[in-house]
Protein chains: 2
Amino acid sequence: MSGKKRNTIEGEFALIDRILKPLAAGIPAALGLTDDAAVFTPSKGNDLVLTKDAMVAGVHFRESDLPGDVSRKLLRVNLSDLAAMGASPVGYLLATFWPEDLPHNWIERFAEGLALDQAEFHVGLMGGDTVRTSGPLSLSLTAIGEVAMDKALRRNGAEEGDLIVVSGTIGDGALGLMAAGEQLSHLDPTHQEYLIDCYHLPEPRLALGQALVGKATSCIDISDGLIADIGHLTEQSRLGAAIEWAKVPLSDAAEAAVQSDKALIETVLTGGDDYELAFTLPSDRRDDLVKLAKEGGVPLTIIGEMVEGEEGVRVKQEDGSDMPLTTRGWQHF
Amino acid sequence: MSGKKRNTIEGEFALIDRILKPLAAGIPAALGLTDDAAVFTPSKGNDLVLTKDAMVAGVHFRESDLPGDVSRKLLRVNLSDLAAMGASPVGYLLATFWPEDLPHNWIERFAEGLALDQAEFHVGLMGGDTVRTSGPLSLSLTAIGEVAMDKALRRNGAEEGDLIVVSGTIGDGALGLMAAGEQLSHLDPTHQEYLIDCYHLPEPRLALGQALVGKATSCIDISDGLIADIGHLTEQSRLGAAIEWAKVPLSDAAEAAVQSDKALIETVLTGGDDYELAFTLPSDRRDDLVKLAKEGGVPLTIIGEMVEGEEGVRVKQEDGSDMPLTTRGWQHF
């Protein structure tokens, strides 16, 4: 019951720690993972931003997914939350719940994925916990970031007439999940692969989030679906939103999917897993978008505007009528 | 596979969030749990201290444990890590992995336990994630604390001749686990209850940890067992430790247990789950102990000293010989 094991022989457990420990090398805050906690000095004049997302095998990823994709996505979805607040990442803590039968090789490749993304996003492992579970592989990551004091991007600052802008393209993640489940096998294989890649390895828009600080009036990352997440902006800002479907940016692959089956429009709008940013900008700052796109390293597209006197999100179709949506989005289960 | 569920009807999930949300009320950093992340301003001149511990039903607690005890212990073991670094708690993030069949009533009582300890330790829920699992109830908590810059208590600062001091009494947690498993039913029922309470509800020594800042040369909380944890101090400080069994402070209940069965001495020394602090103090600061005990609100006992030229931890028995220990402690599994 106590979950503890005599350590006269080196346990399974120490082996896992040995695999994960190099991820903390060169991260002063981690103190070599030899202490009770991580310690770091926040930069002067900054606020700390903290987010924590959990993932479970069979729920948030497939048991057959590549271990390196699982760990990188775990880190990236948390970094995407930091991006949505305009924060720069500082580091992360990781709790892993390992099932007994998971091969060491899997854990090694999981760690390799993290090492890759640590280098890409300039973050490091600061601490965490490793435990055993009788259930499915489960993961919890806490990402820490910093942003100038009182400057964090929020969901509640949008005003009437503000432009609604999204980064990148919408719908690729949700369509990628379908493609991974062989539900889009009629599409060109290149398109299927593109969508699956988007699903597995979203790009946290950190540079864009930081560029939006002091400019965007509200911001969110699109994880639950474009409609649901813009819905969060309207709810917190006490406004409505009017979006034009024709303006929603699609990748070639998503465009092909939608052409093949109009019902997939709803998947694009409500499927989630995009991890692009949706933000609002005063309409007189429209000209800033070129510079913001450059600083953010990602195309930006105006898809609509915030409107008063309405609740929720309305999507105008090409013929001018409102799109009937059977769902408003998804909720994590 | 995606783990998402249409939210045209309010899910199970929103209900759980409704139960947990009040825990964030009045915590400015939580932003009402309406944003992507928590945001707070660290106090000037402080370092941030971050720790993350995970727990799994059937491994780290019994499925039959009271929900409020489970949540309070989860919070307390993390606060104990902050105490070991000399930090004051600021808040926490919580990831919960709920099995489908867990009654709402259980979750409500889990939240009630957290509410109690939030009030006791002046912390609040700042954010987190709620997911569904097909496995056992699993929990991950990240606690955030602050300590004066560069003043965090570490494991590596002990010097030869330093006194080894522990707070409170040792062994109650491990004996409490045995008592909860009806392995100590020959003891007086009052003693059994006392031990079980110690196991379920350890007391994080936050006031003591803070009082030790700038005074203790090294510090750790006793979670893996007295010998193992003092072993961590010796390892990080590159010294040995000599402890006298006769000086190790025992509660009346632990004393009775040890009198009933000498083999339980090893449980006391290596069983863990004490969550008392073990620290080292220069021998010329011995007189500080009275004041430190008062500030810490807990008795302090010198149990030995740090010695050079030896590895690990030696326990001297009353007859002057070294105690033979079949284990050096426990490791989390």
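All values reported here derive from a predicted model rather than from experimental measurement.

Some remarks on helix 7 (residues 226-237) of chain A
Residues and elements named next belong to chain A. If you check helix 7, its first and last C-alpha atoms are 16 Å apart, about what 12 residues at 1.5 Å a residue would give, namely 16 Å. Those residues of helix 7 lying buried are L226, I227, A228, D229, I230, G231, L233, T234 and S237. Just beyond helix 7, the residue with positive phi is R238, at close to 55°.

Overview of the sheet that holds strand 6 (residues 138-148) of chain A
With mixed pairing, five strands are arranged side by side in an open sheet as 5(A)-4(A)-6(A)-3(A)-2(B). Among the strands making up the open sheet, the edge pair consists of strand 5 (125-133) of chain A together with strand 2 (38-40) of chain B. Direction aside, neighbouring strands of the sheet carry axes that sit 15° apart on average. With eight bridges joining them, strand 4 (residues 88-99) of chain A and strand 5 of chain A adopt parallel strand pairing. Bridging across to strand 5 of chain A, Y92(A) finds its partner in L125(A). Strands strand 3 (46-56), strand 4 and strand 6 of chain A of the sheet are contacted by helix 2 (residues 67-84) of chain A, whose axis makes an angle of about 145° with strand 3 of chain A. Against the sheet, helix 3 (residues 104-121) of chain A touches strand 4, strand 5 and strand 6 of chain A, its axis set at about 175° to strand 4 of chain A.

Notes on the side chain of D53(B)
Turning to its location among the elements, D53(B) is positioned in strand 3 (residues 46-56). Of the side chains bearing the opposite charge, R155(B) lies closest to the buried D53(B), which forms no salt bridge; the N-O distance is 9.2 Å. Discounting residues that sit within four places of it in the chain, D53(B) has contacts with D129(A), L74(B), V77(B), N78(B), D81(B), L139(B), S140(B) and L141(B).

Observations concerning the sheet that holds strand 11 (residues 300-307) of chain A
Neighbouring strands of a sheet are bound in pairs by backbone hydrogen bonds; such pairs are parallel or else antiparallel. Residues and elements named next belong to chain A. Taken together, the six strands give an open sheet; going across it, the order is 8-10-7-11-9-12, and neighbouring strands pair in mixed fashion. The open sheet has two edge strands, strand 8 (218-221) and strand 12 (312-316), and neither has a second partner. In this sheet, neighbouring strand axes are inclined to one another by 25° on average, regardless of whether the strands run parallel or antiparallel. The pairing of strand 8 with strand 10 (residues 277-281) spans four bridges and is classified as antiparallel. In the sheet register, I220 faces strand 10, and the bridge partner there is A278. Helix 10 (residues 288-296) contacts strand 7 (163-167), strand 10 and strand 11 of the sheet and is inclined by roughly 125° relative to strand 11.

Digging into the domain arrangement of chain A
All names here are of chain A. Domains assigned within chain A are domain 1 (12-30 + 41-148) and domain 2 (163-316). Measuring from the centre of the C-alpha atoms in domain 1 to the corresponding centre in domain 2 gives 25 Å. The interface is formed by 21 residues belonging to domain 1 together with 20 residues belonging to domain 2. Our count for the domain 1 to domain 2 interface comes out at two salt bridges. For E203, the salt bridge identified is with R76, shortest N-O distance 3.7 Å.

Reading guide: rules and limits
Residues numbered from 1 in each chain as written. Chains lettered and ligands numbered in written order. Predicted model: local features only at pLDDT ≥ 70, side-chain atom pairs only at ≥ 80, totals over all residues. Heavy atoms only, no water. Helix = DSSP H or I, 4+ residues; strand = E, 2+ residues; numbered from the N terminus. Expected span 1.5 Å × (residues − 1). Buried < 20%, exposed > 50% of the residue type's maximum accessible area, 1.4 Å probe, protein only. Pairing = 2+ DSSP bridges. Axes fitted to C-alpha atoms, helices over the stretch in contact; angles between N-to-C directions. Contact = heavy atoms within 4.5 Å. Lys, Arg positive; Asp, Glu negative; His and termini not counted. Salt bridge = Lys/Arg side-chain N within 4 Å of Asp/Glu carboxyl O. Domains from an automatic or database assignment.

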